[in-house]
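Architecture at a glance
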Amino acid sequence: ELHADIVVAIPLHWRRQWQRGFNQSQALATAWADQLRIPLRSSWLRRVRSTPMQTSLSPTARRENVKGAFQASRRARFQGKAVLLVDDVLTTGSTMSEAARAMRRAGARTVIAAVLGHDH
């Protein structure tokens, strides 16, 4: 059984969200939150700077690319919460790790990674 208090999607930078018109991680998070009957709180995590696409970068460059890219929003209440963090694809784990770090800094007790696919 999954013991998470809230579900959060990996956010896109507002500019990329606007260009795409959707966030695939948000769509997954919404579906999983509904299915698991756990509150969705994606507005609690923000991408505070735009980052180049990770796909063409080396593992080291990926880590540097997303360093400091995420921040808990002012209205976030992560303190003591177990968070199910959703992304569409996991490759090196750099994005997931950096987003989890931002939520732990804001007080999250546990961050559980959930992804649809894994790209080697």
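Reading guide: rules and limits
Residues numbered from 1 in each chain as written. Predicted model: local features only at pLDDT ≥ 70, side-chain atom pairs only at ≥ 80, totals over all residues. Heavy atoms only, no water. Helix = DSSP H or I, 4+ residues; strand = E, 2+ residues; numbered from the N terminus. Polar contact = N/O pair within 3.5 Å; in protein donor to acceptor, adjacent residues only side chain to side chain. Pairing = 2+ DSSP bridges. Right-handed = clockwise from strand over helix to strand, strands pointing away. Buried < 20%, exposed > 50% of the residue type's maximum accessible area, 1.4 Å probe, protein only. Core = buried A, V, L, I, M, F, W, Y, C linked by side-chain atoms within 4.5 Å. Contact = heavy atoms within 4.5 Å. pLDDT = per-residue confidence, 0-100.

Let us look at the side chain of Asp87. Here Asp87 lies in strand S4 (residues 82-90). Within the structure, the side chain of Asp87 is placed 2.8 Å from the side chain of Ser25, a separation counted as a polar contact.

Time to look at the pairing of strand S5 (residues 110-118). Alignment of S4 against S5, held across eight bridges, turns out to be parallel. Bridge pairing in S5 places Asp87 opposite Val115. Tracing the backbone out of S4, into helix H4 (residues 94-105) and back to the parallel element S5 gives a crossover that is right-handed.

A few words on the environment of Glu64. Counting through the fold element by element, Glu64 comes out in helix H3 (residues 59-66). Spatially, the C-alpha atoms of Glu64 and Ala33 are 30 Å apart, while their sequence positions differ by 31 residues.

Moving on to the environment of Gln19. Note that Gln19 resides in helix H1 (residues 14-20). Assessed through its relative accessible area of 59%, Gln19 is described here as exposed. With 96 residues separating them in the primary sequence, Gln19 and Val115 have C-alpha atoms 23 Å apart.

Ranked by internal contacts, the top residues of the largest apolar core, which has 17 residues, are Val8, Leu45, Phe70, Phe78, Val83, Leu85 and Met103. Mapped onto this core, the elements with two or more residues apiece are strand S1 (6-9), S4 and H4. In contact with Met103, not counting residues within four places along its chain, are Val8, Leu45, Phe78, Val83, Leu85, Ala108 and Val111. By size, the runner-up hydrophobic cluster in this structure holds 10 residues, among which are Ala4, Leu28, Ala29 and Leu84.

Turning our attention to the confidence of the model for the protein chain. In the predicted model, the protein chain carries a mean pLDDT of 87, and the fraction of residues at 70 or more is 90%. Per-element mean pLDDT across the protein chain ranges from 72 in H3 up to 98 in S1.

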